[in-house]
Amino acid sequence: MSVTTGDAARAEVNGAGAAGAWANGLDAASVLDIDPVLDNPRTRIVVCCGSGGVGKTTTAAALGVRAAERGRKVVVLTIDPARRLAQSMGIDELDNVPRPVTGIDTSAGGELHAMMLDMKRTFDEIVETHADKERARAILENPFYQSLSAGFAGTQEYMAMEKLGQLRARDEWDLIVVDTPPSRSALDFLDAPSRLGSFLDGKFIKVLMTPAKIGGRAGMKFLGVGMSMMSGPLNKLMGAQLLRDVQTFVSAMDTMFGGFRTRADATYRLLQAPGTAFLVVAAPERDALREAAYFVERLAAERMPLAGLVLNRVHGSGAARLSAERALAAAQALADGPGIPRTPDSSENLDGVGIVDRDSGQTGSRTADDPGTRTPSNTSSPGSGSPQPAPSGDPAPSAPSMDSTARLTAGLLRLHAERMRVLARERRTRDRFTSLHPEVPVAEVAALPGDVHDLAGLRAIGERLAVQTARHDATPAEATADGKGTENP
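Note that the structure is a prediction, hence the values are computed from the model and not measured.

K.L.:
Lay out the overall build of the protein chain with the relevant residues and their values.
P.N.:
For the protein chain, the count of helices and strands is 18 helices and 10 strands. Buried residues in the protein chain amount to 44% of all 489 residues. Relative to all contacts within the protein chain whose residues are 6 or more apart in sequence, the contacts with residues 24 or more apart total 76%.

Next comes the structure, spelled out in structure tokens:
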């Protein structure tokens, strides 16, 4: 499948990623290098999209921080972020107005603003901007409008596009990073304008709009005749008061309906322009990558410029050369064996009876007859001139037993084997995606030990996105040899 890619997104990506190609199975041409996308002055909009819970908001914020510290004037438009993410940007509250983010490195001349979409406030602003004062007041006070602006299906996605269009029209920032709304389907963001347009063009709305278009007594007469035929069923279905609210709302909004469709179409064309770059965000999980693949295909069908895939929360291992099979075999050998044998370093710590520790070593000795018994090193042996036993009130410290050491080692080996199986499963899942979409560059972001809670964490995410190096120098064979049986391919 061929994916449309604008000048700002893909033209510079494939070659730039070659130097940082992974040794974990991805070709150099498949590596996404994010810096050329962020640095290109023709890139004006970056859209992070994907299914819920894959780190879209964190990725969008990290991209904003990195772009600002590289000299761009950036605003991040995020949707319903966690409070800790707002605080990580140094802002107690995010609202519908872009707020400056302090604490970033501005030596390159960049700046960063952040805002959170307020769906209802954005709708109110549209009404206040495109209606006269009296009509705007009637709309804002209408109960049906208040319900529509707060929770109508697709309103959040549509308002995100409205706010994107507003920010782009203001031309105060040279890069807008958009975190798409969390939704059950990643396609809602693209479908929202047409869905709302279908609602506004629906037969029921047109019937309710007809009296306002006719006007005067003729309109009221038409309304009386029409509603007399419909009032019974509609009153039972909707309630008389709700029906009156809908009629009032439609009459007041009549002159604005065309504007909604016009602006939605303009924003949609803006998303198709070469200055936009879509980043599909996913986790190395089957459902998330299945959604990502569907989204890649949809972006291609809609001729949207795709920059690549960001794969978040990828696990790694500092001992990737030790396969799961070898680790499990070693753990089993420890469990089956008598323990870890101890051998003396030299004859200096031997006497005629048993092993005696040196003064600088562990206290105690083991005799040949009773190897599991330790006696203090300052206790005399039979036939020796060693000192007398220490007072009973000073017990000698005990050393770890061989059995506990073996159990601990075996447990660590089993944990490592499980980690290697996770790595193998993630790799197979990713490889299924790349085999279906070899033209899509991929950037992997290693899983962090905790949540991102400050600018330093966002900066670290941005650096991991930009520097795609070999993960722990593992070869594909070593990293995937022992994932058999953990998941059906």
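K.L.:
An account of the confidence of the model for the protein chain is requested, with residue identities and associated values reported.
P.N.:
The share of residues in the protein chain with pLDDT of 70 or more is 62%, and the mean pLDDT across the chain is 74. At the level of individual helices and strands, the protein chain shows its lowest average pLDDT in helix H1 (residues 13-16), which scores 35, and its highest in strand E6 (residues 276-282), which scores 96. Counting contacts from residues 212-216, a segment whose pLDDT is below 50, to residues more than four positions away or on other chains yields five contacts. Counting contacts from residues 339-386, a segment whose pLDDT is below 50, to residues more than four positions away or on other chains yields 58 contacts.

K.L.:
Go over the nonpolar core with me, naming the residues and quoting the values.
P.N.:
In this structure, Ile34, Leu112, Phe278, Val280 and Leu309 are the most contacted members of the largest nonpolar core, which totals 96 residues. When neighbours within four sequence positions are excluded, leucine 309 is seen to be in contact with Leu32, Val280, Ala282, Leu289, Ala292, Phe433, Val440, Pro441, Val442 and Ala443.

K.L.:
An account of the sheet that holds strand E10 (residues 442-446) is needed here, citing residue identities and associated values.
P.N.:
Read from one edge of the open sheet, eight strands run E3-E4-E2-E5-E1-E6-E7-E10, paired in mixed fashion. One side of each edge strand has no neighbouring strand; the edge strands of this open sheet are strand E3 (99-100) and E10. As paired elements, strand E2 (residues 73-78) and strand E5 (residues 175-179) share four bridges and run parallel to each other. The residue bridging leucine 77 from the neighbouring strand is valine 178, located in E5. Packed on one face of the sheet, helix H3 (residues 56-69) meets strand E1 (45-49), E2, strand E4 (111-116), E5, E6 and strand E7 (306-314) and runs near 170 degrees to E2. Lying on the sheet, helix H17 (residues 455-466) is in contact with E7 and E10; it crosses E10 at an angle near 140 degrees.

K.L.:
Requested: an account of the environment of leucine 85, with residues and values cited.
P.N.:
One can find leucine 85 in helix H4 (residues 83-88). In sequence terms leucine 85 and threonine 57 are 28 residues apart; their C-alpha atoms lie 8.4 Å from each other.

K.L.:
Pulling in residues and values, what's your account of the pairing of E2?
P.N.:
Here E2 lies mainly inside the structure; five of its six residues are buried. Taken together, the six bridges between E2 and E4 define a ladder with parallel strand orientation. What sits directly across from valine 74, in E4, is leucine 112.

K.L.:
Lay out the packing of aromatic side chains with the relevant residues and their values.
P.N.:
In this structure the tally under the stated criterion is one aromatic pair. Seen from their ring centres, phenylalanine 123 and tyrosine 145 are 5.2 Å apart, and the 80 degrees between their planes marks the pair as edge-to-face. Here the residue phenylalanine 123 occupies a position in helix H5 (residues 119-130), and tyrosine 145 occupies one in helix H7 (residues 143-151), the gap between them amounting to 22 residues. The same class applies to phenylalanine 123 and to tyrosine 145, which are both buried.

K.L.:
Account for a nonpolar patch on the surface, naming residues and giving values.
P.N.:
Together, Leu408, Leu412 and Leu415 make up a nonpolar patch on the protein surface, roughly 340 Å² of accessible area in all. Summarising the element assignment, leucine 408 is placed in helix H16 (residues 402-436). With a relative accessible area of 56%, leucine 408 lands in the exposed category.

K.L.:
Would you mind going over the environment of alanine 273 in detail, with residue names and values included?
P.N.:
Its location among the elements puts alanine 273 in the loop between helix H13 (257-272) and E6. A relative accessible area of 25% means that alanine 273 is categorised as partly exposed. C-alpha separation for the pair alanine 273 and arginine 44, spaced 229 residues apart in sequence, amounts to 9.8 Å.

K.L.:
Give me unusual backbone geometry: which residues, what numbers.
P.N.:
Here the phi dihedral of aspartate 171 falls at roughly 60 degrees; this positive angle occurs in a residue that is not glycine. Structurally, aspartate 171 can be placed in the loop between helix H8 (155-170) and E5.

K.L.:
Give me the lowdown on the side chain of arginine 72, citing residues and values where you can.
P.N.:
Summarising the element assignment, arginine 72 is placed in the loop between H3 and E2. Residue classification places arginine 72 among the buried positions, given a relative accessible area of 7%. At 2.8 Å, the side chain of arginine 72 forms a polar contact with the backbone oxygen of threonine 43. In contact with arginine 72, other than residues within four places in its own chain, are Leu38, Asp39, Asn40, Pro41, Thr43, Ala67, Gly110, Glu111, Asp174 and Leu175.

K.L.:
Please set out the packing of H3 against H17 residue by residue, giving values where relevant.
P.N.:
Running from N to C, H3 and H17 cross one another at 85 degrees; their axes reach a closest spacing of 8 Å. Put simply, H3 runs roughly perpendicular to H17. Of the residues in H17, those in contact with Thr58, Thr59, Ala61, Ala62, Leu63, Val65, Arg66 and Glu69 of H3 are Leu455, Leu458, Arg459, Ile461, Gly462, Glu463, Leu465 and Ala466. Looking at the contact of H3 with H17, its residues break down into nine nonpolar, three polar and four charged.

K.L.:
How would you summarise the side chain of arginine 66 if you had to cite specific residues and measurements?
P.N.:
With respect to the helices and strands, arginine 66 occurs in helix H3. Here arginine 66 falls in the buried class, since its relative accessible area comes to 17%. In this structure, arginine 66 is in contact with Asp35, Leu38, Gly462, Glu463 and Ala466, ignoring residues within four places of it in sequence.

K.L.:
Can you break down H17 residue by residue, with the values?
P.N.:
Between its first and last C-alpha, H17 extends 16 Å over 12 residues, near the 16 Å set by a 1.5 Å rise per residue. Every buried residue belonging to H17 is among Leu455, Gly457, Leu458, Ile461, Gly462, Leu465 and Ala466, and all of these are buried. Buried positions along H17 lie against helix H2 (34-39), H3, H4, E7 and E10.

Definitions and cut-offs
- Residues numbered from 1 in each chain as written.
- Predicted model: local features only at pLDDT ≥ 70, side-chain atom pairs only at ≥ 80, totals over all residues.
- Heavy atoms only, no water.
- Helix = DSSP H or I, 4+ residues; strand = E, 2+ residues; numbered from the N terminus.
- Buried < 20%, exposed > 50% of the residue type's maximum accessible area, 1.4 Å probe, protein only.
- Contact = heavy atoms within 4.5 Å.
- pLDDT = per-residue confidence, 0-100.
- Core = buried A, V, L, I, M, F, W, Y, C linked by side-chain atoms within 4.5 Å.
- Pairing = 2+ DSSP bridges.
- Axes fitted to C-alpha atoms, helices over the stretch in contact; angles between N-to-C directions.
- Phe/Tyr/Trp six-rings, centres within 6.5 Å; stacked < 30°, edge-to-face > 60°.
- Patch = residues over 30% accessible without salt bridge, like charges linked within 9 Å, V, L, I, M, F, W, Y side chains within 5 Å.
- Areas by Shrake-Rupley, 256 points an atom, 1.4 Å probe, with all protein chains shown as cover.
- Salt bridge = Lys/Arg side-chain N within 4 Å of Asp/Glu carboxyl O.
- Polar contact = N/O pair within 3.5 Å; in protein donor to acceptor, adjacent residues only side chain to side chain.
- Parallel < 35°, antiparallel > 145°, perpendicular 65-115°, else oblique.
- Nonpolar A, V, L, I, M, F, W, Y, C, P; charged D, E, K, R; others polar.
- Expected span 1.5 Å × (residues − 1).

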